[in-house]
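Single-letter residue listing:
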2 protein chains.
Amino acid sequence: MASGGEHHEEEEEYYGDAATIGALRPLYAGYAWADVASLGPESSGHAVRVRGAAQEVRAVGRRVAFLVLRQGGATVQCVVAGGGAGGDGGMARFAAGLSRESVVDVAGAVSLPREPVRGTTQQLVEIKVEKLHCVSRAVPALPIGVDDAARSEEDVARAKAAGEQVVHVGQDKRLDYRVIDLRTAANQAIFRIQCEVENVFRQVLLSEGFVGIHTPKLIGGSSEGGAAVFKLDYNGQPACLAQSPQLHKQMAVCGGFGRVFEVGPVFRAEDSNTHRHLCEFVGLDVEMALRDHYTEVCDVVDKLFVAMFDHLNDKCAKELEAIQRQYPFEPLKYLRTTLRMDYDEGIRMLQEAGVHVDPMGDLNTEAEKKLGDLVRDRYGTEFYMLCRYPSAVRPFYTMPCPEDPRYSCSFDVFVRGEEIISGAQRVHVPELLAAQAAARGIDVATIATYLDAFRYGAPPHGGFGVGLERVVMLFCGLGNIRKTSLFPRDPRRLAP
Amino acid sequence: MASGGEHHEEEEEYYGDAATIGALRPLYAGYAWADVASLGPESSGHAVRVRGAAQEVRAVGRRVAFLVLRQGGATVQCVVAGGGAGGDGGMARFAAGLSRESVVDVAGAVSLPREPVRGTTQQLVEIKVEKLHCVSRAVPALPIGVDDAARSEEDVARAKAAGEQVVHVGQDKRLDYRVIDLRTAANQAIFRIQCEVENVFRQVLLSEGFVGIHTPKLIGGSSEGGAAVFKLDYNGQPACLAQSPQLHKQMAVCGGFGRVFEVGPVFRAEDSNTHRHLCEFVGLDVEMALRDHYTEVCDVVDKLFVAMFDHLNDKCAKELEAIQRQYPFEPLKYLRTTLRMDYDEGIRMLQEAGVHVDPMGDLNTEAEKKLGDLVRDRYGTEFYMLCRYPSAVRPFYTMPCPEDPRYSCSFDVFVRGEEIISGAQRVHVPELLAAQAAARGIDVATIATYLDAFRYGAPPHGGFGVGLERVVMLFCGLGNIRKTSLFPRDPRRLAP
């Protein structure tokens, strides 16, 4: 009994299940907390403590086990051999019995393996485990495996061609178990890149004198659009979710803030099951007072996105590589000064290429794609602006060109042949706004609040909006917007 | 006819209504764009062009007019005397006819007035107007005046005592015409400060290894809480608006992101007409993996908020002064290292002061206020943390203290005696979570998704949430949260 008790205590000191994290503290006193990503050959000999997910567990005989520990996108091999607990192999057997994805604490010496480790991001160092405790047990049968979710289509095809059995996890199942799916190296990278896109967006705009604002998402009535809005009851009043911060960001400019931006959710109840539509996405919105011309908005877009693309290429090389490994893509081609073309010129290029397009109509997705190809081939860029759209294809609040009202002070921006940004000067003259609404058959009474915003002195202004998920999707050529939304919402998906 | 036409052209060149902003460009060719705020005695003699709102218009005889031009929170006096148009006083009469708040372009020489100008932020310089065009006419009878909205309660009281007639604009009316109300110096400052609070929040967390995320606001079912949620129909499925990003930020941590933050709207359908509740507010949320103890979350709060308060005091002195002028307040007292007290200790202080409180119950608003006074008097701080709350008064997902489960690994943070932050370690063990839910009478089936998130390996974690509007309100002692929301939403207000 006494010796059994001692044995148990010894086990607990070296390995076992942790009752609480606090309980482990005294046991790990001699080890310094370390991050997997920051280990390197210079750490050799250091006594470290690392907490991570047991991505892979492999027993070699009864006394040795290998454990691949993962933190974010970084992995390291941990060697469990003998160990402190009398060398009876108890710790190795404990390690071998860990279910994958369990969270474990490992303490030991960083050491240099004889040969580079394969299959981990840390190839030049490993950890010789002296203590090992499980902090959170994963269920033994995971609904999806992280390695299966991390497999590229190419790998799956190659394995199938070689007659190997590999599990291919479809996108829906991955999204059902997003909490596991997010652990793949590609997903870890995608959402770090998304965060950087937002950081650059904010930093560049702040340095240009913009103020960050938050406009309400709960809107009275049933919004301008009507059809594609989510409706709800607001303490007995009819309300809906904002389809864009359009009116309120304009009001902020008219309220004296001059230049504003917003990062916030945008809600669209459209029943569009496409690769590029979500029912909820993160809008990056800009609105600014203009001095002489709407192209001042284009100048901001230019500066902002060139800075963003540069930053991603310069500072996020590791993340881009991680995405590349699962989803290969060509780096985005863009110019130091963004190409601007008039809509007319785009129409001409398409017509010369034999594409039938209406010069005063809108471009369909196919024509946009084709124009993207033509522009890339002629100008060497996959990022460009198309300016001066026909007024007929833009919203009623778009300012017509003073020299020819059939055209408007508006632009779209394209990445890899897909529209990503829509921008324009807005009509700030209430009378013209009312006339343009009426000409479209909009009942002016329904937009009274909107009109009123411009009656108390309104600076000429314009702006643009872009979806955060689309920026990341198109920069990384990911092909489906669900890959760049943390917990996507589409017409069929409302969970998790 | 010919001379009349010439006269008309001359007028247009020097003053008049601008047809478009582009049309003004050639007329103002010799003048450099300038911002009101950046003018100074060193600008004297410069030929500048400024666009701003006509805050005040005053005619002196038929040939001279004074115009106070406002941009954001900055104002400058413009002197219209004679001018380019033959000196017949036409421009002065045009100026005198401008409605307040109209947006105008002014070109002229910066000059040094003989005496400092009173009532403008630029007191040492004025502009001798050479050209003047109106870009946007405000309606002549504004529903509220910017100067009336800018008046402090003290000024109103003083004027009334002196028997003067002054207009006092109530808060509801100000909010009804928010686009005008936002133009006051105090409001210009409040929302610039709000932007800085968010900037510091992001910068400090990014430097501490946090990743910014966006979680969905559309949630399946009708949420955990039940009562205070906004419900809606999502393509035929029942849905609601997120009352907090709690579950999803925890899932992001379990999904391998380790430390995450979010800035986004939070929706509460509560019918609370108080000075501190909104139906929609901006949540600043943090969730992080823990190493040894939940107080690691308190460490982040400490670092974050001391940095934030320092930043506001150091970098936003002008804005704080502008707020002070309309809403006087005492600067917030806070320590270099934030005071932490156990809940028990708080209870003891209240009991010693003769306040009757239940040691295992929650503090009501009054007791919190009283404790804030006691702490300020004893420790010289109006910003402190109260830790280790009784488990009974915290949500079911709060981790109990390992040494005494009657208490929990949780804390609240107070500013000027009002709760501003609520934080805790979360239960990451599904069995314990289910047991704690059941013990509160929660049907475990209704939280299945929540429980499942922790079955695939979950790092111990904790976090906190705080409302952006409350931070600004309490730092600036503003007394009503509607003052710090750009377009507030309360149980009665859904517009503009």
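- For chain A, an unreviewed UniProt entry supplies the name aspartate--tRNA ligase and the organism Miscanthus lutarioriparius.
- We quote the UniProt Catalytic activity (unreviewed entry) comment for chain A here in full: "tRNA(Asp) + L-aspartate + ATP = L-aspartyl-tRNA(Asp) + AMP + diphosphate".
- In UniProt, chain A has this text filed under Subcellular location (unreviewed entry): "Cytoplasm".

Looking at the nonpolar core
Line of reasoning, step 1. Phe305, Phe411 and Phe464 of chain A together with Phe305, Phe411 and Phe464 of chain B are the most contacted members of the largest nonpolar core, which has 200 residues in total.
Line of reasoning, step 2. Residue contacts for phenylalanine 305 of chain A: discarding those within four places in its chain leaves Phe383, Ile421, Phe464, Val466 and Val471 of chain A.

Points about the interface of chain A and chain B
Line of reasoning, step 1. The interface is formed by 93 residues belonging to chain A together with 93 residues belonging to chain B.
Line of reasoning, step 2. Summed over both partners, the interface of chain A with chain B buries about 7600 Å², with 61% contributed by carbon and sulfur atoms.
Line of reasoning, step 3. It is His214, Tyr456 and Leu494 of chain A that lose the most area in chain A upon contact with chain B, and together they represent 11% of the buried surface on that side.
Line of reasoning, step 4. At the junction of chain A and chain B, the tally comes to eight salt bridges.
Line of reasoning, step 5. Two residues, aspartate 292 of chain A and arginine 49 of chain B, come together in a salt bridge whose shortest N-O distance is 3.5 Å.

Thoughts on the sheet that holds strand 14 (residues 339-342) of chain A
All names here are of chain A.
Line of reasoning, step 1. Taken together, eight strands build an open sheet; the order of strands is 8-12-13-20-19-18-15-14 and the sheet is mixed. The open sheet is flanked by strand 8 (211-212) and strand 14, the only strands paired with a single partner.
Line of reasoning, step 2. Packed onto the sheet, helix 8 (residues 185-207) meets strand 12 (259-267) and strand 13 (280-289) and runs at close to 155° relative to strand 12.
Line of reasoning, step 3. Here helix 10 (residues 295-315) sits on the sheet and contacts strand 12, strand 13, strand 14, strand 15 (383-387), strand 18 (410-415), strand 19 (418-425) and strand 20 (461-467); the angle it forms with strand 20, its principal contact strand, is near 30°.

Regarding the packing of helix 8 (residues 185-207) of chain B against helix 10 (residues 295-315) of chain B
All names here are of chain B.
Line of reasoning, step 1. Across the interface, helix 8 lies against helix 10 with an axial gap of 9 Å and an inter-helix angle of 140°. Taken together, helix 8 and helix 10 sit at an angle that is classed as oblique. The hand of the helix 8/helix 10 crossing is right-handed. Along its contact with helix 8, which presents Ile193, Glu196, Val197, Val200, Phe201, Val204 and Leu205, the element helix 10 presents Val300, Lys303, Leu304, Ala307, Met308, His311 and Leu312.
Line of reasoning, step 2. Split by residue class, the contact of helix 8 with helix 10 holds eleven nonpolar, one polar and two charged.

With respect to the relation of the copies chain A and chain B
Line of reasoning, step 1. The transformation that overlays chain A on chain B combines an axial shift of 0.0 Å with a rotation of 180°, and the residual RMSD is 0.0 Å. Here the copies are linked by what is in effect a two-fold axis. Distance from the rotation axis, computed per C-alpha, reaches its smallest value in chain A at leucine 232 of chain A: 2.6 Å.

Some words on the sheet that holds strand 18 (residues 410-415) of chain B
Two strands in a sheet stick together by hydrogen bonds in their backbones, pointing the same way (parallel) or opposite ways (antiparallel).
Residues and elements named next belong to chain B.
Line of reasoning, step 1. The eight strands are arranged 8-12-13-20-19-18-15-14 in an open sheet whose pairing can be described as mixed. Strands at the two margins of the open sheet, each flanked by one partner only, are strand 8 (211-212) and strand 14 (339-342).
Line of reasoning, step 2. Bridge analysis of strand 15 (residues 383-387) against strand 18 gives five bridges, and the strand direction is antiparallel. Bridging across to strand 18, methionine 385 finds its partner in valine 413.

A word on unusual backbone geometry
Residues and elements named next belong to chain A.
Line of reasoning, step 1. Cis geometry marks the peptide bond from alanine 495 to proline 496, where omega comes out at 0°.
Line of reasoning, step 2. Inspection of the secondary structure assignment puts proline 496 in the segment after helix 16 (468-475).
Line of reasoning, step 3. In this model, asparagine 235 sits at a positive phi of 45°, which is unusual for a non-glycine residue.
Line of reasoning, step 4. Mapped onto the elements of the fold, asparagine 235 is located in the loop between strand 10 (231-234) and strand 11 (237-241).
Line of reasoning, step 5. For asparagine 235, a relative accessible area of 35% corresponds to the partly exposed category.

Re the pairing of strand 13 (residues 280-289) of chain B
Residues and elements named next belong to chain B.
Line of reasoning, step 1. Strand 13 sits mainly inside the fold: nine of its ten residues count as buried.
Line of reasoning, step 2. Across nine bridges, the pairing between strand 12 (residues 259-267) and strand 13 is antiparallel. Bridge pairing in strand 13 links arginine 259 to methionine 288.
Line of reasoning, step 3. Taken together, the seven bridges between strand 13 and strand 20 (residues 461-467) define a ladder with antiparallel strand orientation. Within strand 20, the position partnered with leucine 284 by the bridge is valine 466.

Comments concerning the pattern of salt bridges
Line of reasoning, step 1. Scanning the model with the defined rule gives 77 salt bridges over all chains in all.
Line of reasoning, step 2. The salt bridge partner of glutamate 262 of chain A is lysine 217 of chain A, with a shortest N-O separation of 2.9 Å. Residue glutamate 262 of chain A is found in strand 12, and its partner lysine 217 of chain A is found in the loop between strand 8 and strand 9 (218-220); the two are separated by 45 residues along the sequence.
Line of reasoning, step 3. Among the salt bridges present, the one from aspartate 310 of chain B reaches arginine 336 of chain B, with a minimum N-O distance of 2.5 Å. Of this pair, aspartate 310 of chain B sits in helix 10 while arginine 336 of chain B sits in the loop between helix 11 (317-326) and strand 14, placing them 26 residues apart in sequence.

Remarks on the environment of aspartate 147 of chain B
Line of reasoning, step 1. For aspartate 147 of chain B, the position within the fold is in helix 4 (residues 146-149).
Line of reasoning, step 2. A C-alpha to C-alpha distance of 7.4 Å links aspartate 147 of chain B and threonine 184 of chain B, two positions 37 residues apart in sequence.

Looking at the packing of aromatic side chains
Line of reasoning, step 1. A complete count under the given rule lists 34 aromatic pairs over all chains for this structure.
Line of reasoning, step 2. The interplanar angle of 90° and the centroid separation of 6.3 Å between the aromatic rings of phenylalanine 257 of chain A and phenylalanine 191 of chain B together place this pair among those described as edge-to-face. Of this pair, phenylalanine 257 of chain A sits in helix 9 (residues 246-257) while phenylalanine 191 of chain B sits in helix 8, each in a different chain. The exposure classification of phenylalanine 257 of chain A matches that of phenylalanine 191 of chain B, with both residues buried.
Line of reasoning, step 3. An aromatic cluster is defined as three or more aromatic residues linked by ring pairs; in this entry it consists of Phe305, Phe309, Tyr334, Phe383 and Phe475 of chain A.
Line of reasoning, step 4. In this structure, arginine 394 of chain A packs its charged tip against the face of tyrosine 389 of chain A, placed 4.5 Å from the ring centre.

Describing helix 12 (residues 343-352) of chain B
Residue and element names in this part refer to chain B.
Line of reasoning, step 1. Here helix 12 has its buried residues at Tyr343, Gly346, Ile347, Met349 and Leu350. For helix 12, the arc enclosing every buried residue in end-on projection is 160°, short of the 170-degree limit, so these residues lie on one face.
Line of reasoning, step 2. Next to the buried residues of helix 12 lie strand 14, helix 13 (365-379) and strand 15.
Line of reasoning, step 3. In the segment just after helix 12, glycine 354 is the residue with positive phi, at about 85°.

Points about the confidence of the model for chain A
Line of reasoning, step 1. Of the residues in chain A, 96% have a pLDDT of 70 or more, and the chain-wide mean is 94.
Line of reasoning, step 2. With pLDDT under 50 throughout, residues 1-7 of chain A is counted as low confidence; its partners more than four residues away or in other chains account for one contact.

Quick word on the packing of helix 8 of chain B against helix 11 of chain B
Residues and elements named next belong to chain B.
Line of reasoning, step 1. Between helix 8 and helix 11, the least distance of the axes is 8 Å, while the angle of their chain directions is 135°. As judged from the angle between their axes, helix 8 and helix 11 are oblique. Classified by chirality, the crossing of helix 11 by helix 8 is left-handed. On the side of helix 8, the interface is formed by Ala185, Ala186, Ala189, Ile190, Arg192 and Ile193, while helix 11 contributes Glu319, Leu320, Ala322, Ile323 and Gln326.
Line of reasoning, step 2. Taken together, the residues of the contact of helix 8 with helix 11 break down into eight nonpolar, one polar and two charged.

Re the pairing of strand 7 (residues 126-136) of chain A
Residue and element names in this part refer to chain A.
Line of reasoning, step 1. Of all eleven residues making up strand 7, nine are buried, and the element is well covered by its neighbours.
Line of reasoning, step 2. One ladder, built from three bridges, connects strand 1 (residues 15-17) with strand 7; its direction is parallel. The partner of tyrosine 15 across the bridge, within strand 7, is leucine 132.
Line of reasoning, step 3. Bridging between strand 6 (residues 103-111) and strand 7 involves nine bridges; their strand directions are antiparallel.

Quick notes on the environment of valine 260 of chain B
Residues and elements named next belong to chain B.
Line of reasoning, step 1. Here valine 260 lies in strand 12.
Line of reasoning, step 2. With 46 residues separating them in the primary sequence, valine 260 and histidine 214 have C-alpha atoms 9.7 Å apart.
Line of reasoning, step 3. When near neighbours in sequence (up to four residues on either side) are disregarded, valine 260 contacts Phe210, Val211, Ile213, Lys249, Ala252, Val253, Asp285, Val286 and Glu287.

Calculation criteria
Residues numbered from 1 in each chain as written. Chains lettered and ligands numbered in written order. Predicted model: local features only at pLDDT ≥ 70, side-chain atom pairs only at ≥ 80, totals over all residues. Heavy atoms only, no water. UniProt positions renumbered as here; feature names shortened; annotations may be inferred. Core = buried A, V, L, I, M, F, W, Y, C linked by side-chain atoms within 4.5 Å. Buried < 20%, exposed > 50% of the residue type's maximum accessible area, 1.4 Å probe, protein only. Contact = heavy atoms within 4.5 Å. Buried area = accessible area lost by both parts, 1.4 Å probe. Salt bridge = Lys/Arg side-chain N within 4 Å of Asp/Glu carboxyl O. Pairing = 2+ DSSP bridges. Helix = DSSP H or I, 4+ residues; strand = E, 2+ residues; numbered from the N terminus. Axes fitted to C-alpha atoms, helices over the stretch in contact; angles between N-to-C directions. Parallel < 35°, antiparallel > 145°, perpendicular 65-115°, else oblique. Left-handed = near helix turned anticlockwise from the far one by under 90°. Nonpolar A, V, L, I, M, F, W, Y, C, P; charged D, E, K, R; others polar. Least-squares fit on C-alpha atoms with pLDDT ≥ 70 in both. Phe/Tyr/Trp six-rings, centres within 6.5 Å; stacked < 30°, edge-to-face > 60°. Lys NZ or Arg CZ within 6 Å of the ring centre and 35° of its normal. Arc of directions from axis to C-beta. pLDDT = per-residue confidence, 0-100.

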